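Each chain, written out:
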Amino acid sequence: MKLWHKLSASMLMSGMAVLAAPHVAQAQSIVKIDGSSTVFPIAEAVAEEFQISKRGKVRVTVGIAGTGGGFKRFCRGETDISNASRPILKEEMDACRAAGVKYLEIPVAFDALTVVVNKSNTFVKSLTVADLKKMWEPSAQGRVSKWNQVRSEWPAENLMLFGPGADSGTFDYFTEAITGKAKASRGDFTASEDDNVLVQGVENNKTALGYFGYAYYIAHKDRLTAVPIVNGKGQAVSPSLEGVIDGSYEPLSRPLFIYVRESSAQRPEIQEFIKFYLTEGAKLVKEVGYVPLPEKAYQLALKHFTDRKLGTVFGGVPEVGVTIDNLLAREGKL
């Protein structure tokens, strides 16, 4: 059985990808990755397959410091690759620039950011952006604590909220999409950079609601209920691969990225790993529960890597609703 299907709590807590155990002692070089727990299942799957293909000659480690935590390490030159569930921000660009760290931004998948409730919740049939804003906006802190304060027809039961911590790119994207400003959120919720903690929190509390990457919902779909989100056309759409591809699941569809340090990209093992990621990774992306990019997008991303197309196409400013075709057509900046 492929180990990434498990998304085990112990593995996530260890912050290390599964290594090709019989060959670890023979490893001659190391690829260091850290960052987003959302991207972790993809990176873990690719790392395992790559190590098997290299027969122990290359060791790949994968941490889960969160997108923000990963960029801190990356801009200090401590890692080769940073997993990110949102683009690099201006202050992170400044930190990298000050440290002389240049980088390549590579989209690797799409995610349907998923809002979940406990299996025993039978009254929430769908949620609008306005509903979610009532729950999560900064002014809700200490004020909105019952479900009926969101919608009067819902019961007067405690609203228990679980979400990613402040170092998470998922937190940044969700708050941008729902409250209109990244990081603008109430603070009185249970936060964790480990998505398995969030899964367990919602699973164990009947009146809970939480959000995290789609792969973590898929891995626990028998224990949680994914809530349909009402899109801009008034349609209540459940998170799915199809909803991401056809654009109906919005505004919570988003691209996922890896960032490669330019100095690391000079090393043969990094070049081999990125080529493997962009040629073999699509099927692994789908296996762990995310949406692969179109084949032409992976080909163009590989060309950008080979041509050393440096920088980010976002300019340090988060965006909601961007398409992959639009991303790949832009010019990056450091």
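Here is a short report on the structure shown in this document. (Residues numbered from 1 in each chain as written. Predicted model: local features only at pLDDT ≥ 70, side-chain atom pairs only at ≥ 80, totals over all residues. Heavy atoms only, no water.)

**Focus on the overall build of the chain**
- Check the secondary structure of the chain and you find 13 helices and 12 strands.
- Oriented by its inertia axes, the alpha-carbon framework of the chain measures out at about 60 × 40 × 35 Å.
- Put simply, the chain has 334 residues, and 57% of those count as buried.
- Pairs at least 24 apart in sequence give 75% of the contacts found in the chain among residues at least 6 apart.
- Total accessible area on the chain stands at roughly 13500 Å², and carbon and sulfur atoms take up 52% of it. (Helix = DSSP H or I, 4+ residues; strand = E, 2+ residues; numbered from the N terminus. Buried < 20%, exposed > 50% of the residue type's maximum accessible area, 1.4 Å probe, protein only. Contact = heavy atoms within 4.5 Å. Areas by Shrake-Rupley, 256 points an atom, 1.4 Å probe, with all protein chains shown as cover.)

**Some thoughts on the nonpolar core**
- Counting residues in each nonpolar core, the largest one holds 85 residues, and the members touching the most others are Leu127, Met135, Val260, Phe273, Ile274 and Tyr290.
- Ranked by the residues each element gives to this core, the list is headed by helix 11 (residues 268-288), at nine residues.
- When neighbours within four sequence positions are excluded, Val260 is seen to be in contact with Phe74, Asp80, Ile81, Lys102, Tyr103, Leu104, Ile106, Ala265, Ile270, Ile274 and Phe305.
- Counting residues in each nonpolar core, the second largest holds 15 residues, with Phe74, Cys96, Tyr103 and Tyr259 among its members. (Core = buried A, V, L, I, M, F, W, Y, C linked by side-chain atoms within 4.5 Å.)

**A look at the packing of helix 5 (residues 129-136) against helix 6 (residues 169-179)**
- Axis separation between helix 5 and helix 6 bottoms out at 9 Å; the angle between their running directions is 115 degrees. When you trace helix 5 past helix 6, the crossing you get is left-handed. On the side of helix 5, the interface is formed by Val129, Leu132, Lys133 and Trp136, while helix 6 contributes Phe174, Ala177, Ile178 and Thr179.
- Looking at the contact of helix 5 with helix 6, its residues break down into six nonpolar, one polar and one charged. (Axes fitted to C-alpha atoms, helices over the stretch in contact; angles between N-to-C directions. Left-handed = near helix turned anticlockwise from the far one by under 90°. Nonpolar A, V, L, I, M, F, W, Y, C, P; charged D, E, K, R; others polar.)

**Remarks on the pattern of salt bridges**
- Summed over the entire model, instances satisfying the criterion amount to 21 salt bridges.
- Here Glu78 ties to Arg73 by a salt bridge, and the two come within 3.0 Å at their closest N and O atoms.
- The shortest N-O distance in the salt bridge between Glu78 and Arg76 comes to 2.8 Å.
- Owing to a relative accessible area of 31%, Glu78 belongs among the partly exposed residues under this scheme.
- Relative accessible area serves as the criterion here: at 54%, Arg76 is assigned to the exposed category.
- By sharing partners, the salt bridges in this structure join Asp34, Arg73, Arg76 and Glu78 into a single network. (Salt bridge = Lys/Arg side-chain N within 4 Å of Asp/Glu carboxyl O.)

**With respect to the sheet that holds strand 3 (residues 81-84)**
- Spatial ordering of the open sheet is given by 2-1-3-12-4, a layout of five strands whose pairing is mixed. Since the sheet does not close on itself, it has two edges, and those belong to strand 2 (58-62) and strand 4 (103-112), each with one partner. Each adjacent strand pair in this sheet contributes to an overall mean axis angle of 20 degrees, direction not counted.
- Here strand 4 pairs with strand 12 (residues 253-261) via nine bridges, running antiparallel. If you follow Pro107 over to strand 12, its bridge partner there is Phe257.
- Of the strands in this sheet, strand 1 (29-35), strand 3, strand 4 and strand 12 are in contact with helix 3 (residues 67-75), which crosses strand 3 at around 160 degrees.
- Set on the sheet, helix 12 (residues 295-306) makes contact with strand 4 and strand 12; between it and strand 4 the angle comes to about 160 degrees. (Pairing = 2+ DSSP bridges.)

**Examining unusual backbone geometry**
- Here the bond from Glu250 into Pro251 is cis, since omega is 20 degrees, no more than 30 degrees from zero.
- Here Pro251 lies in the loop between helix 9 (241-245) and strand 12.
- Although it is not a glycine, Lys183 adopts a positive phi angle of roughly 75 degrees.
- Tracing the sequence through the fold places Lys183 in the loop between helix 6 and strand 7 (190-192).
- Under the relative-accessibility criterion, Lys183 is labelled partly exposed at 38%.
- Of note in this structure, Arg308 is not a glycine but carries a positive phi near 60 degrees.
- Tracing the chain through its elements places Arg308 in the loop between helix 12 and helix 13 (324-329).

**Here's the deal with the side chain of Thr67**
- With respect to the element layout, Thr67 can be found in helix 3.
- Thr67 sits in the buried class, given a relative accessible area of 1%.
- Those residues in contact with Thr67, other than ones at most four positions away along the chain, are Gly35, Ser36, Asn83, Ala84, Ser85, Arg86, Asp167, Ser168 and Gly169.

**Digging into the environment of Phe257**
- Here Phe257 shows up in strand 12.
- Assessed through its relative accessible area of 1%, Phe257 is described here as buried.
- Residues Phe257 and Val115, spaced 142 residues apart in sequence, show a C-alpha to C-alpha distance of 21 Å.
- With residues up to four places along the chain from it excluded, the contact list for Phe257 reads Val39, Ser82, Asn83, Ala84, Arg86, Pro87, Glu105, Ile106, Pro107, Val108, Phe314 and Leu327.

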